[in-house]
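Structural characterization, general
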Amino acid sequence: MKLRLGIPKGSLQEATVQLFARAGFNIYPNGRSYSAATDDPEIECMLIRAQEMARYVEHGVLDAGLTGYDWVLESGLAVITVADLVYAKQSQGRKVRWVLAVPEDSPYQRAEDLANCIIATELVSVTRSYFERRGIPVRVEFSWGATEVKPPTLADAIVEVTETGSSLHANRLRILETVLESNTQLIANPCAWRDDTKRQKIQNLALMLCGAIAAQGRVGLMLNVERKDLANVLAVLPALKRPTISALADDDWVAVNTILEENVVREVIPRLKAANAQGIVEYPLNKVVM
């Protein structure tokens, strides 16, 4: 069995390859080819633009692939959503936004002000539906790129994707509204999903990818403490659920193991030491599977 898997080519490619590596799958892209080698003999990778991924998955050229919810919605095609993978090229744990933006000095203050105006975007169908639902007549034009530079000469407003808003601000654009929030998804072809072997492989892949994402920004912490001080130590720990407490050879002592957000460790360790914890060890995490 070979699972034909689509990896998004372009701006999300590097972040995706890094995510797969943390999940335990090494992918080796070839810059001169649409194929990519992998260390899993059951996976055959292809590099496909995110905008086209849903089409090739729906047609059965690919069994599964990673693309944005935005491009699945834009395609209007019937694919199986296996898992939401909230990562991006600049940020982890944060969705991207498609926003309606206008020049900073324009008179437009809300979407209704753009009646009979030209809107430039890559996300044509979603944008057209957005304005139709609100009863606002506009002309939506497809943009082949460099969308931020089109207002006010080539368009009155744009609908563009952003993670931080910095590119929009750099081009002196002002955000009016969020049209759509999006994140990467693992999607599957319906026929492949009905195949027990392929479905199991896709589900295993989703499990490992979600585990790698969940581990981002978290660390493990181990320590020893006397039983008489255990309550004070536990009061310091903001645990993922509950810390694991194990007996030691000396009945008066226990070991505590927990998971913390990495950005709080610098404050927690001194407080643990003050609560009489000993042998405190911080260690990195590759995956957290809930």
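Residues numbered from 1 in each chain as written. Predicted model: local features only at pLDDT ≥ 70, side-chain atom pairs only at ≥ 80, totals over all residues. Heavy atoms only, no water.

Comments concerning the overall build of the chain
Test applied: Helical segments are the DSSP runs of H or I of at least four residues, strand segments are the runs of E of at least two, and each set is numbered from the N terminus. Computation of the radius of gyration draws on C-alpha atoms, with the globule rule given as 2.2 Å multiplied by the number of residues to the power 0.38. Partly exposed residues are those whose accessible area sits between 20% and 50% of the maximum for their type, while under 20% is buried and over 50% is exposed, using a 1.4 Å probe and protein chains only. The contact criterion used throughout is that any non-hydrogen atoms of two residues lie within 4.5 Å. Where accessible areas are quoted, they stem from the Shrake-Rupley method and a 1.4 Å probe; at the residue level, only the protein chains shown are allowed to cover. As used throughout, the charge tally considers Lys and Arg to be positive and Asp and Glu to be negative, leaving His and the chain termini uncounted. For the purpose of locating charges, the reference atoms are NZ of Lys, CZ of Arg, CG of Asp and CD of Glu.
Along the backbone of the chain there are nine helices and 16 strands. A globule of 290 residues ought to have a C-alpha radius of gyration of about 19 Å, yet the chain, at 24 Å, is considerably larger. Among the 290 residues that make up the chain, the fraction classed as buried is 44%. Intrachain contacts of the chain at a sequence separation of at least 6 include 70% that bridge at least 24 residues. Counting every atom, the chain has about 15000 Å² of accessible surface; 49% of that belongs to carbon and sulfur. For the chain, the centre of its 32 positive side-chain charges and the centre of its 35 negative side-chain charges are spaced 1 Å apart.

Quick look at the sheet that holds strand β16 (residues 278–284)
Quick reminder of the rule: Should DSSP find at least two bridges between two strands, the strands are taken to pair. Lines fitted to the C-alpha atoms define the axes, with helices restricted to the stretch that makes contact. Angles between their N-to-C directions range from 0 to 180 degrees.
With respect to topology, four strands assemble into an open sheet ordered β14-β15-β13-β16, the strand pairing being antiparallel. If you trace the sheet from one side to the other, it starts and ends with β14 (244–247) and β16, each paired once. In this sheet, adjacent strand axes meet at a mean angle of 20° when their direction is disregarded. Sheet topology places strand β13 (residues 218–226) next to β16; five bridges connect them, and they run antiparallel. Across the sheet, the residue bridging to Gly-220 is Tyr-283, located in β16.

Points about the sheet that holds strand β5 (residues 64–68)
Sheet architecture is open: seven strands sit in the order β2-β3-β4-β1-β5-β12-β6, paired in mixed fashion. Two strands bound the open sheet, and with one partner strand each, they are β2 (27–29) and β6 (80–85). Across the sheet, the mean angle separating the axes of adjacent strands is 30° when strand polarity is ignored. Taken together, the seven bridges between strand β1 (residues 3–9) and strand β4 (residues 43–49) define a ladder with parallel strand orientation.

A closer look at the pattern of salt bridges
This is how the line gets drawn: Salt bridges are identified by distance alone: a Lys or Arg side-chain nitrogen within 4 Å of an Asp or Glu carboxyl oxygen.
Enumeration according to the criterion identifies 15 salt bridges in this entry. When the shortest N-O distance is used, the salt bridge between Glu-52 and Arg-55 registers 3.8 Å. Here Arg-55 and Glu-52 lie together in helix α2 (residues 50–59), a separation of three residues that amounts to about one turn. The exposure class of Glu-52 is partly exposed, given its relative accessible area of 25%. A relative accessible area of 36% means that Arg-55 is categorised as partly exposed. A salt bridge links Lys-228 to Glu-226; the shortest N-O distance between them is 3.9 Å.

Regarding unusual backbone geometry
Backbone torsion omega between Pro-151 and Pro-152 reads 0°, so that peptide bond is classified as cis. Secondary-structure assignment places Pro-152 in the loop between β9 (139–142) and β10 (157–162). Here the phi dihedral of Arg-172 falls at roughly 55°; this positive angle occurs in a residue that is not glycine. Along the chain, Arg-172 turns up in the loop between α5 (166–170) and β11 (173–182). Despite not being glycine, Asn-276 has its phi angle at roughly 80°, a positive value. Along the chain, Asn-276 falls in the loop between α9 (265–274) and β16.

Topic: the environment of Leu-234
Summarising the element assignment, Leu-234 is placed in helix α8 (residues 230–236). C-alpha separation for the pair Leu-234 and Val-256, spaced 22 residues apart in sequence, amounts to 8.8 Å.

Overview of the nonpolar core
This is how it is decided: Here the nonpolar core consists of buried residues drawn from Ala, Val, Leu, Ile, Met, Phe, Trp, Tyr and Cys, with membership extended through side-chain atoms lying within 4.5 Å.
By size, the foremost hydrophobic cluster in this structure holds 28 residues, and its most contacted members are Leu-5, Phe-20, Leu-85, Tyr-87 and Leu-186. Of all the secondary structure elements, the ones that give two or more residues to this core are β1, α1 (13–23), β4, β5, β6, β12 (184–188) and α7 (196–215). Counting residues per element, this core draws most heavily on α7, at six residues. Once residues lying within four places of it in the same chain are set aside, the contact partners of Phe-20 are Leu-5, Ile-7, Phe-25, Ile-27, Leu-66, Leu-205 and Leu-209. Counting residues in hydrophobic clusters, the runner-up holds 20 residues, among them Leu-100, Leu-123, Val-126 and Ile-136.

As for the packing of aromatic side chains
Selection criterion: Any two rings among Phe, Tyr and Trp, with Trp reduced to its six-membered ring, count as a pair given centres within 6.5 Å; such a pair is stacked if its planes are under 30 degrees apart, edge-to-face if over 60, and tilted if neither. For a ring to carry a charge above it, either NZ of a lysine or CZ of an arginine must fall within 6 Å of the ring centroid while also lying within 35 degrees of the normal to the ring plane.
Applying the stated criterion across every chain, the model contains four aromatic pairs. Pairing Trp-71 with Trp-98 gives two aromatic rings, centres 5.7 Å apart and planes at 90°, and the pair type is edge-to-face. You can see Trp-71 sitting in helix α3 (residues 69–75) and its partner Trp-98 sitting in strand β7 (residues 96–103), a full 27 residues away along the chain. When the centroid spacing of 5.4 Å and the interplanar angle of 85° are considered together, the rings of Tyr-130 and Phe-131 count as edge-to-face. The same class applies to Tyr-130 and to Phe-131, which are both buried. Sitting over the ring of Tyr-34, Lys-9 keeps its end group 5.4 Å from the ring centre. The cationic tip of Arg-55 hangs over the ring face of Tyr-56; the distance from NZ or CZ to the ring centre is 5.3 Å.

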